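Structural overview
Spelled out, the chains give:
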Amino acid sequence: MPDHAPTLQLIGVAVLAVAAVAWAVVLVRLLRLLRRTGPQATARRRAARLPALPRQTRVGPPLESVELTPAEQDAFAGLVRQLAGG
């Protein structure tokens, strides 16, 4: 024990060191848990915590799709190349 350091100061350093190690252990465990569960599981867990909020429903017309003719596909590809600068 150093002669120039009071006992309370040494105890304080020891307590801070233990707190830093405990914080690091908890942080590592939380990061491992989040990595294992993934972002989708985290989002589902958050949504499950708020049962009072209603689920959002799709508003508007249903999605539509249209088949393009080969000439239209070529014209669209040319337009994309022109807008892309090459």
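Structure: above.
Quick summary incoming for the structure in this document. Residue indices follow the written sequence of each chain, beginning from 1 at its first position. Reporting of local features is limited, given that this is a predicted model, to residues whose pLDDT is at least 70; pairs of side-chain atoms are given and counted only at 80 or more, and all residues count toward the totals for whole chains, interfaces and linings. With hydrogens and water excluded, all non-hydrogen atoms of the structure serve as input to the side-chain values.

Only DSSP runs of H or I with at least four residues qualify as helices, and only runs of E with at least two residues qualify as strands; both kinds are numbered from the N terminus onward. When you go through the protein residue by residue, the secondary structure sums to 2 helices and 0 strands. Evaluated residue by residue, the protein yields a buried proportion of 5% over its 86 residues. Accessible surface is estimated by sampling points in the Shrake-Rupley manner with a 1.4 Å probe; for residues, cover comes only from the protein chains shown. Surface accessibility of the protein: about 8,500 Å² in total, with carbon and sulfur atoms responsible for 65%. A 1.4 Å probe rolled over the protein chains alone gives each residue an accessible area, and that area as a share of the maximum for its type sets the label: buried under 20%, exposed over 50%, partly exposed in between.

On to helix α2 (residues 70-84), then. Helices are assigned an expected span. That span is 1.5 Å times one less than the residue count. Under the 1.5 Å per step criterion, the end-to-end length of α2 is 21 Å for 15 residues, consistent within 8% with the ideal 21 Å. Among the 15 residues that make up α2, 0 are buried, leaving the element largely open to the surroundings.

Patch definition: residues above 30% relative accessible area lacking any salt bridge, with like charges linked at up to 9 Å and the nonpolar side chains Val, Leu, Ile, Met, Phe, Trp and Tyr linked at up to 5 Å. Whenever Lys or Arg places a side-chain nitrogen within 4 Å of a carboxyl oxygen from Asp or Glu, that contact is recorded as a salt bridge. Charge assignment: positive for Lys and Arg, negative for Asp and Glu; neither His nor the chain ends contribute. Charge coordinates come from a single atom per side chain, which is NZ of Lys, CZ of Arg, CG of Asp or CD of Glu. A cluster of basic residues, Arg29, Arg32, Arg35 and Arg36, forms a positive patch on the protein surface. Within the secondary structure, arginine 36 sits in helix α1 (residues 7-48). Using a relative accessible area of 67% as the deciding quantity, one classes arginine 36 as exposed.

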